Amino acid sequence: MRGWPPGRVYAVLLSRLGPQGWWPVTPRGGSRPVYRPGRYARPTEGEALEIVLGAILTQNTAWTNVERALASLRAAGATTSASILRADRRRLERLIRSSGYFRQKAARLKIFLEHARRRAPTLRRWLSRPLDALRKDLLSVNGVGPETADSILLYAGGRPVFVVDAYTLRIGRRIGWFSGEGYDDAQRYLVRRLPRSVTVYQEFHALVVALAKYFCRTEPVCVGCPIREGCGHGSRS
Ligand code: SF4
């Protein structure tokens, strides 16, 4: 069974789980990132930077570890691209230690921000460039793969780029949308079937993550899953 089409899955998940408020950013005067359901405004420069940092720091680690690293950076006053570029490497490594692979990630943060600084005076300006060339440019940065690049484009840049992750592939296979594991194939499949909308793409990705957290785990908990009726795997189990 092929399962419900992506648009129907999206509508049901949104109505059952609600807007997810991705990507979480630290509010003015706050110390940690928070989710902001229903807010879809393009991020400010400071918010875009925090999203970029989070997208790189979250590689191979849980988000709770990233939150601690972002809180440490904020407490240390490392809240601008310039301050992170100026920071001594060892100090930066200490500040982001909780996110794991901290030496590699400190190097990647500096490489990314230096790359951005050479391209444009602000992240917002850089992330406003023509999309295809910009995505290629992002993918040319050491440590930036398709998921990181697309997360930055969608959430930091407010650009209509669909983010695929391991949960999207797992859930898509179980529903019956696709059988392979390729990032590009899954992205193409979903983009062809959903409205080209930043809001829809932002919510869809976040809802997929929520579904994977609460129901579609490694061992799926299909009883009670909001889309069981429209899922190839769930309707058989
Ligand atoms: S939890 Fe079960 S029913 Fe829900 S999407 Fe995953 S496999 Fe399908």
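Residues numbered from 1 in each chain as written. Predicted model: local features only at pLDDT ≥ 70, side-chain atom pairs only at ≥ 80, totals over all residues.

1. Describing helix 12 (residues 198-214)
No. 1: Over its 17 residues, helix 12 extends 24 Å from the first C-alpha to the last, a length consistent with the 24 Å expected when each residue adds 1.5 Å.
No. 2: Among the residues of helix 12, those classed as buried are Y201, Q202, E203, F204, H205, A206, L207, V208 and L211.
No. 3: Residues of helix 12 that are buried make contact with helix 1 (6-17), helix 9 (146-156) and helix 10 (166-175). (Helix = DSSP H or I, 4+ residues; strand = E, 2+ residues; numbered from the N terminus. Expected span 1.5 Å × (residues − 1). Buried ≥ 20, exposed ≤ 12 C-beta atoms within 10 Å, placed from the backbone. Contact = placed C-beta atoms within 7 Å.)

2. Topic: the domain arrangement of the chain
No. 1: When its domains are assigned, the chain resolves into domain 1 (6-20 + 162-236) and domain 2 (45-156).
No. 2: The C-alpha-based centres of domain 1 and domain 2 are spaced at 27 Å.
No. 3: The greatest single-element share of the side of domain 1 that touches domain 2, amounting to 3 residues, is contributed by helix 12.
No. 4: Each residue belonging to the side of domain 1 that touches domain 2 can be placed in one class, and the counts come to 6 nonpolar, 1 polar and 1 charged. (Domains from an automatic or database assignment. Nonpolar A, V, L, I, M, F, W, Y, C, P; charged D, E, K, R; others polar.)

3. Some remarks on the environment of A116
No. 1: Here A116 shows up in helix 6 (residues 102-119).
No. 2: Taking the C-alpha atoms as reference points, A116 and R68, 48 residues apart in sequence, are found 24 Å from one another.
No. 3: Those residues within four positions of A116 in sequence are excluded, and the remaining contacts are S81, L123 and W126.

4. Looking at the site of the ligand
No. 1: For the ligand, the set of nearby residues contains 14 residues, the closest of which are C216, C222, C225, C231 and G234.
No. 2: For the shell around the ligand, the elements supplying multiple residues, two or more each, are helix 10 and helix 13 (232-236).
No. 3: Element by element, the count of residues in the shell around the ligand is highest for helix 10, at 3 residues.
No. 4: In terms of residue class, the shell around the ligand is built from 10 nonpolar, 2 polar and 2 charged. (Near = placed C-beta within 6 Å.)

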